[in-house]
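Descriptive structure summary
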Amino acid sequence: MANHLERAVVVLAAGAGTRMKSDRQKTLHEIGGRSMLSHSLHAAAGVHPNYLVAVVGHQREQVAPAVDTIAAQLGVEIRQAVQEEQNGTGHAVQVALSAIPDFNGTVVVTNGDVPLLRSETIGALVDAHESQGAAVTVLSLEFDNPTGYGRIIRDADGAVTEIVEEKDASDEQRRVREVNSGVFAFDGAVLRDALTRINTDNAQGELYITDVLGIARGDGKKVAAFTAPDPRELAGVNDRVQLAAAGKELNRRLVEQAMRAGATVIDPATTWIGVEVEIGRDVVIHPNTQLWGSTVIGDGAEIGPDTTLNDMEIGARAKVVRTQGELGVIGEDASVGPFTYIRPGTELGARGKLGGFVESKNAKIGEGSKVPHLTYIGDATVGVESNIGASSVFANYDGVNKHHTTIGNYCRTGSDTMFVAPVTVGDGAYTGAGTVLTKDVPPGALAVKEGRQRNIEGWVEEHRPGTEAAEAARKAREQG
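All residue numbers refer to position in the chain's written sequence, counted from 1. Reporting of local features is limited, given that this is a predicted model, to residues whose pLDDT is at least 70; pairs of side-chain atoms are given and counted only at 80 or more, and all residues count toward the totals for whole chains, interfaces and linings. With hydrogens and water set aside, each side-chain value is computed from the structure's full complement of heavy atoms.

Here's the deal with the overall build of the protein
If you tally the helices and strands in the protein, you get 10 helices and 37 strands. Relative to a compact globule of 480 residues, whose C-alpha radius of gyration would be 23 Å, the protein shows 32 Å and is clearly more extended. C-alpha extents for the protein along the principal axes are approximately 110 × 50 × 45 Å. Looking at the protein as a whole, 48% of its 480 residues are labelled buried. The long-range fraction of contacts in the protein, counting pairs at least 24 apart against all pairs at least 6 apart in sequence, stands at 43%. Just so you have it, the protein exposes about 22800 Å², and 48% of that area is on carbon and sulfur atoms. Here a helix means four or more residues in a row that DSSP labels H or I, a strand means two or more in a row labelled E, and each is numbered from the N terminus. Each radius of gyration is computed over the set of C-alpha atoms, and the globule rule expresses the reference value as 2.2 Å times the number of residues to the power 0.38. Summary of the burial criterion: residues with accessible area below 20% of their type's maximum are buried, those above 50% are exposed, and those between are partly exposed, where the area comes from a 1.4 Å probe applied to protein chains only. Here, two residues are considered to be in contact whenever any of their heavy atoms come within 4.5 Å of each other. Note on areas: these come from Shrake-Rupley sampling with a 1.4 Å probe, and a residue is covered only by the protein chains present in the view.

This is the structure:
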């Protein structure tokens, strides 16, 4: 029996996945904000193996860089083995073992298209395998409708004798409900020997890893099965329908996890949470909310409805309503929305406000400052306790370069102010409504830019004759 430190995990990710009908390699399709391959490698790394091997093949120009990125995220080495021709799972494992030629401990084989499999289940499989001194242990599951899965065949004493793929199964074997998950634990030495003895005598004309069970049993070695506690973990993904089903199940887990950790989710069915999202206690999440990337929601915050946040940091007790946000920071007790668009680089201070129909980008807005409504603020710094009037625009782009606007502390700028960057408004300054700022405003000054109003009598009747406006004007003039 291998000791508990001698473990390797092989993740198979070389298949074509033609049923996905995609230019993207099958295992790179995402659920929960992470590719299926990433889910599988995270689960494999979670059992802390001595070696982690990914078998790549079809579209490896996409898969190989993805494996390197995942390895960097995990902080572990992931060896890659290239399966030039996809000749079956047995051949894929042969290729994988070539990447760890001197290893003969416990070898776990899993797949890049089972994104719901947990590290805990892999660990339990390995523990069961090693504690029984088995040569092979298959992770099995039971389905009421096992169509499409290889059947686990047992003898009269209940011992596992073989796995028969559905295309090769008899009618009686197809009625078996216990099926192969495609995840195994092997004694490494037994596996290496058996792989030299498998053949392509089957309906697919491929080398099946499942044939190792029959070979091991024929050699008098123990073959066992460990039943997965939750069969939903082993749901494979072969097309977009199954991808959506796996995504829904993963989201159910994550929403439930958030609720058990102290968040209130008003409508779990319309709430989507990514695997890297962190949600504090006493958070309230309203319907139609999506939280993705590395978003962090502070204690007591209120999010939604109709809100999508990606890589956002939301402070404690902040309220974010009907907002689209990415790569921004919202301070404690701040208020955002409704119908607000937060673009990368936005930092709203504590007790600040980004109100209705506001768009912000690369803007640092100080504590207690407000941008209440109908405003674009970009490439700007706003001090503390300042107020930006409605319908203001920070004109930051001259057609070639972006320029910065600086607003000081305790400023009050009037509605429809145009800040033509680069421009600075000093502490305590005011601007009048409709002002176009092209020059700096000193601290405490009032900036106004207006011409005299001129009324041209009779213009509508002369230039728009026959219109309703002209008729209304004529009647008013005659009655006046």
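What about the environment of glycine 293?
Along the chain, glycine 293 falls in the loop between strand E16 (289-292) and strand E17 (296-297). Here glycine 293 falls in the partly exposed class, since its relative accessible area comes to 25%. With 17 residues separating them in the primary sequence, glycine 293 and asparagine 310 have C-alpha atoms 5.3 Å apart.

So, the environment of valine 95
Looking at the secondary structure, you find valine 95 in helix H3 (residues 89-97). Judged by its relative accessible area of 13%, valine 95 is buried.

A word on the pattern of salt bridges
By definition, a salt bridge exists where a carboxyl oxygen of Asp or Glu is found within 4 Å of a side-chain nitrogen of Lys or Arg. Applying the stated criterion to the full structure yields 28 salt bridges. A salt bridge links arginine 477 to glutamate 461; its shortest N-O distance comes to 2.8 Å. Taken as a pair, arginine 477 in helix H10 (residues 468-479) and glutamate 461 in helix H9 (residues 459-463) lie far apart in primary sequence, 16 residues in all. We classify arginine 477 as exposed; its relative accessible area is 51%. Taking relative accessible area as the criterion, glutamate 461 reaches 26% and is therefore assigned partly exposed. Arginine 474 serves as the salt-bridge partner of glutamate 471, at 2.4 Å between the closest nitrogen and oxygen. Of this pair, glutamate 471 and arginine 474 both sit in helix H10, 3 residues apart, which is roughly one turn of the helix.

Points about a nonpolar patch on the surface
The grouping of Phe339, Phe357 and Leu374 at the surface amounts to a nonpolar patch, some 340 Å² of accessible area in total. Considering the arrangement of structural elements, one finds phenylalanine 357 in strand E27 (residues 353-365). Of the residues examined, phenylalanine 357 reaches a relative accessible area of 53% and is grouped as exposed. Patch membership requires over 30% relative accessible area and the absence of a salt bridge. Like charges are linked within 9 Å, and nonpolar side chains (Val, Leu, Ile, Met, Phe, Trp, Tyr) within 5 Å.

Focus on the pairing of strand E19 (residues 307-310)
A pair of strands is considered paired only if DSSP assigns at least 2 bridges between the two. Note: E16 against E19, 4 bridges, orientation parallel. Each residue of the ladder has a partner; that of glutamine 290, found in E19, is threonine 308.

Describing the nonpolar core
In terms of nonpolar packing, the biggest core is built from 51 residues, with Ile279, Ile297, Ile314 and Ile330 touching the most fellow members. Elements that contribute at least two residues to this core include exactly helix H8 (240-260), E27, strand E28 (370-382) and strand E34 (423-425). Here the element with the most residues in this core is H8; it accounts for 6 residues. In this view, isoleucine 330 contacts Met312, Glu313, Ile314, Gly315, Ala318, Val336, Ile342 and Leu348; residues no more than four positions away in its chain are not counted. The criterion is simple. A nonpolar core is a set of buried Ala, Val, Leu, Ile, Met, Phe, Trp, Tyr and Cys residues joined through side-chain atoms within 4.5 Å.

With respect to the packing of aromatic side chains
Here the aromatic set is Phe, Tyr and Trp, taking the six-membered ring for Trp, and pairing holds for ring centres within 6.5 Å; pairs whose planes are under 30 degrees apart are stacked, those over 60 apart are edge-to-face, and all others are tilted. Inspection of every chain in the model, using the stated rule, returns 5 aromatic pairs. Their ring planes at 25 degrees and their centres at 4.4 Å tell us that phenylalanine 394 and phenylalanine 419 sit as a pair that is stacked. With phenylalanine 394 in strand E30 (residues 393-395) and phenylalanine 419 in strand E33 (residues 418-420), this pair connects stretches of sequence that are 25 residues apart. Residue phenylalanine 394 is classed as buried on the basis of its relative accessible area, which comes to 1%. Of the residues examined, phenylalanine 419 reaches a relative accessible area of 0% and is grouped as buried.

Side note on the packing of helix H6 (residues 188-195) against helix H7 (residues 211-218)
Look at H6 against H7: their axes get within 10 Å of each other, and the N-to-C directions meet at 105 degrees. Comparing their axes, H7 and H6 come out roughly perpendicular. From H6, Val190, Leu191, Ala194 and Leu195 reach across to H7, where they touch Val212, Ile215 and Ala216. Across the contact of H6 with H7, the residue classes break down as 7 nonpolar, no polar and no charged. Helix axes are fitted only over the stretch in contact, all axes being lines through C-alpha atoms; the angle between N-to-C directions runs from 0 to 180 degrees. What sets the label is the angle itself: under 35 degrees gives roughly parallel, over 145 gives roughly antiparallel, 65 to 115 gives roughly perpendicular, and the rest give oblique. In this count, Pro and Cys sit with the nonpolar residues alongside Ala, Val, Leu, Ile, Met, Phe, Trp and Tyr, while Asp, Glu, Lys and Arg are called charged and the others, Gly among them, polar.

Thoughts on the packing of helix H1 (residues 36-45) against helix H2 (residues 60-74)
Where H1 meets H2, the closest approach of the two axes is 10 Å, and the angle between their N-to-C directions is 40 degrees. By the criterion of interaxial angle, the relationship of H1 to H2 is oblique. Our pair here, H1 against H2, has a crossing hand that is right-handed. Here Leu37, Ser38, Leu41, His42 and Ala45 of H1 come into contact with H2, specifically with Val63, Val67, Ile70, Gln73 and Leu74. Of the residues contributing to the contact of H1 with H2, the split by class is 7 nonpolar, 3 polar and no charged. Each crossing gets its handedness from the near helix: less than a right angle anticlockwise from the far helix is left-handed, clockwise is right-handed.

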